[in-house]
Amino acid sequence: MSDSPRNAGRVRMSAAQRREQLIAIGRQLFAERGFDATSIEEVAARAKVSKPVVYEHFGGKEGLYAVVVDREVRALLDRITTALTAGHPRELLEQAALALLDYIESETDGFRVLVRESPVMSATGNFSSVLNDVAHQAEHVLGAEFKRRDYDPRLAELYSQALVGMVALVGRWWLEVRKPRKETVAAHLVNIAWNGLSHLEAKPTLMTRRGR
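Note that the structure is predicted; figures quoted are calculated from it, not measured.

Draft legend 1. Region of interest: the nonpolar core. By size, the foremost hydrophobic cluster in this structure holds 45 residues, and its most contacted members are Val54, Leu76, Phe111 and Phe127. The element best represented in this core is helix 4 (residues 61-83), accounting for eight residues. In this structure, Leu142, Tyr151, Ala193 and Trp194 belong to the second largest nonpolar core, which totals ten residues.

Draft legend 2. Examining the packing of aromatic side chains more closely. Counted under the stated rule, the structure contains six aromatic pairs. Aromatic side chains Phe35 and Tyr65 sit 5.0 Å apart centroid to centroid with 75 degrees between the ring planes, which places their arrangement in the edge-to-face category. Remark: Tyr65 occurs in helix 4 and Phe35 occurs in helix 1 (residues 15-37); sequence separation between them is 30 residues. The exposure classification of Phe35 matches that of Tyr65, with both residues buried. Both rings, one in Phe146 and one in Tyr159, keep their centres 5.3 Å apart while their planes meet at 75 degrees; by these two values the pair is edge-to-face. In this pair, Phe146 is assigned in helix 7 (residues 127-148) and Tyr159 in helix 8 (residues 156-177), connecting sequence segments 13 residues apart. Residue Phe146 is classed as buried on the basis of its relative accessible area, which comes to 4%. Grouped by ring-pair contacts, the aromatic residues Phe30, Phe35 and Tyr65 constitute a single cluster. Between the NZ or CZ atom of Lys61 and the centre of the ring of Phe35, over which it lies, the distance is 4.4 Å.

Draft legend 3. Representation of the layout of surface pockets within the structure. In this structure, the largest pocket occupies an estimated 460 Å³ of space. Looking at the largest pocket, it is lined by 30 residues, and the ones nearest its centre are Leu92, Leu93, Ala96, Ala138 and Val164. At the level of secondary structure, the elements contributing two or more residues to the lining of the largest pocket comprise helix 4, helix 5 (89-106), helix 7, helix 8 and helix 9 (182-198). Here the element with the most residues in the lining of the largest pocket is helix 7; it accounts for nine residues.

Criteria and thresholds
- Just so you know, the residues in each chain are numbered from 1, in the order the chain's sequence is written.
- Selection of residues for local features in this predicted model requires a pLDDT of at least 70, selection of side-chain atom pairs for listing and counting requires 80 or more, and totals for whole chains, interfaces and linings are taken over all residues.
- Side-chain figures throughout are based on the complete set of non-hydrogen atoms in the structure, without hydrogens or water.
- Put simply, a nonpolar core is a bunch of buried Ala, Val, Leu, Ile, Met, Phe, Trp, Tyr and Cys residues held in one set by side-chain atoms that sit within 4.5 Å of each other.
- Burial classes follow relative accessibility: with a 1.4 Å probe on protein chains only, a residue under 20% of its type's maximum area counts as buried, one over 50% as exposed, and anything between as partly exposed.
- Secondary structure elements are defined from DSSP: runs of H or I of at least 4 residues count as helices, runs of E of at least 2 residues count as strands, and each element is numbered from the N terminus.
- Two rings from Phe, Tyr or Trp (for Trp, the six-membered ring) form a pair when their centres sit within 6.5 Å of each other. Planes less than 30 degrees apart are called stacked, planes more than 60 degrees apart edge-to-face, and all others tilted.
- A ring is scored as having a charge over it whenever the NZ atom of a lysine or the CZ atom of an arginine sits within 6 Å of its centre and within 35 degrees of its normal.
- Grid spacing is 1 Å over the protein atoms alone, the probe is 1.4 Å, and a cavity is where that probe fits but cannot get out, while a pocket is an open set with protein on both sides within 12 Å along at least five of seven lines and lining residues have an atom within 4 Å of a point.
- Grid points are joined across faces, edges and corners, and a volume is the space filled by probe spheres set on the points.

Next up, the structure:
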């Protein structure tokens, strides 16, 4: 039996192909509108399938969102981990900053999904969890450097959170403005981070609270 004119131009997809199509559409919609404003109806409409097809693959919007976020988390972590090849701490800072900016530039939709407000059920699989993983890696590097300089290595966690948070916040800003170019942004991030680390006081105090 030949296809009807309505279905003549439609290519049948395997279950795996359909799943990938729905993930790609969900990724785009979550990036554009966020979780709350995205509906299964719209995902289905863009894919030209019925709503039950989407439910069959993911069980609902939360399931689709969880798959999208999990992929982005792993993709970003893989990029940053792969980039960290240098032995010198300053070069590691450069590589981490550039890896994040590269991801923002090439996977803008994915980054938007990660930094948007996440539903409660996805609290452990979002941009914050990525930053914590990266900060944990940075903590080991800083801890070794602190020991070498006779600083308290227990403070390495505080500094690693500060450094990663700085890069991440600048990355969110650069996502919208895209100026200056990413290499310049990375260079200035490393400038403030490295020169700040190079002149750390062993026991800093607050000027406004001294003598109280």
